[in-house]
Every structure is written in C-alpha cells, then in structure tokens.
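As a plain string of letters, each chain reads:
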Amino acid sequence: MPHTAIKLPQSTWGDLEAIFDSLAEDRQQKETVHHLLQVTREMSPYLTKLDLLREIICIALVLLPAHAQPPQPWGWLAQGPPLGEDC
C-alpha cells in the first residue's frame, strides 16, 4: 500500500557525485561510481522514477566496504519486486 509521505528533496547529478565522492574510500571506487552515475544519467530519460531511484541505490551499494557485504547475493534488489506485488 503506498504511503503518503513528504517528497524527497530535489537533487542534481552534481549533488550525487559529491555525496558519492565523499563516501568513496579510494580512487578506484570514485572512478567506478562516476562511471555508473554517467551511464545512469544517460539512461535516466528511459527509466521510471522508481527504476532511477533503484539504480542510484545500487550505485551506493558499490561503496560498501568489503567487510560490510552481505553473505547473500543482492540480485533481488536489481530485479525489483515480484510481478503482481506493489512496493
């Protein structure tokens, strides 16, 4: 059942880059996140709002330290909810 809540604040792609830069632990993470953000930015006109938010969250997961990785695969997040189920 959808919740009526306060909308998320408006952000720019530059805001996201700055946030992810501050969270990246090394140059490789920064380069990876910048590349993923660039691809997501290019694909954003073709994505729904929900899909775009899901992509941004998945990019953030790249920044998790190795010791914080879950023991199970994260494939379920990229696939979205099962057919017939609402978020």
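Owing to the predicted nature of the structure, the values given are computational and were not obtained by experimental measurement.

Asks: Would you explain the pattern of salt bridges in this entry?
Replies: For side chains bearing opposite charge, pairing can occur when the charged atoms are close. Scanning all chains against the criterion turns up three salt bridges. Across the salt bridge formed by Arg41 and Glu17, the nearest N and O atoms sit 2.5 Å from each other. Of the two residues, Arg41 sits in helix 2 (residues 27-43) while Glu17 sits in helix 1 (residues 13-23), which places them 24 residues apart along the sequence. The class of Arg41 is partly exposed, set by a relative accessible area of 25%. Residue Glu17 is classed as partly exposed on the basis of its relative accessible area, which comes to 23%. The partner of Glu31 in a salt bridge is Arg27, with the nearest N and O atoms 2.7 Å apart. Separated by four residues within a single helix, Glu31 and Arg27 lie in helix 2, roughly one turn from each other. Here Glu31 falls in the partly exposed class, since its relative accessible area comes to 45%. For Arg27, a relative accessible area of 63% gives the class exposed.

Rules and cut-offs
- Residues numbered from 1 in each chain as written.
- Predicted model: local features only at pLDDT ≥ 70, side-chain atom pairs only at ≥ 80, totals over all residues.
- Heavy atoms only, no water.
- Salt bridge = Lys/Arg side-chain N within 4 Å of Asp/Glu carboxyl O.
- Helix = DSSP H or I, 4+ residues; strand = E, 2+ residues; numbered from the N terminus.
- Buried < 20%, exposed > 50% of the residue type's maximum accessible area, 1.4 Å probe, protein only.

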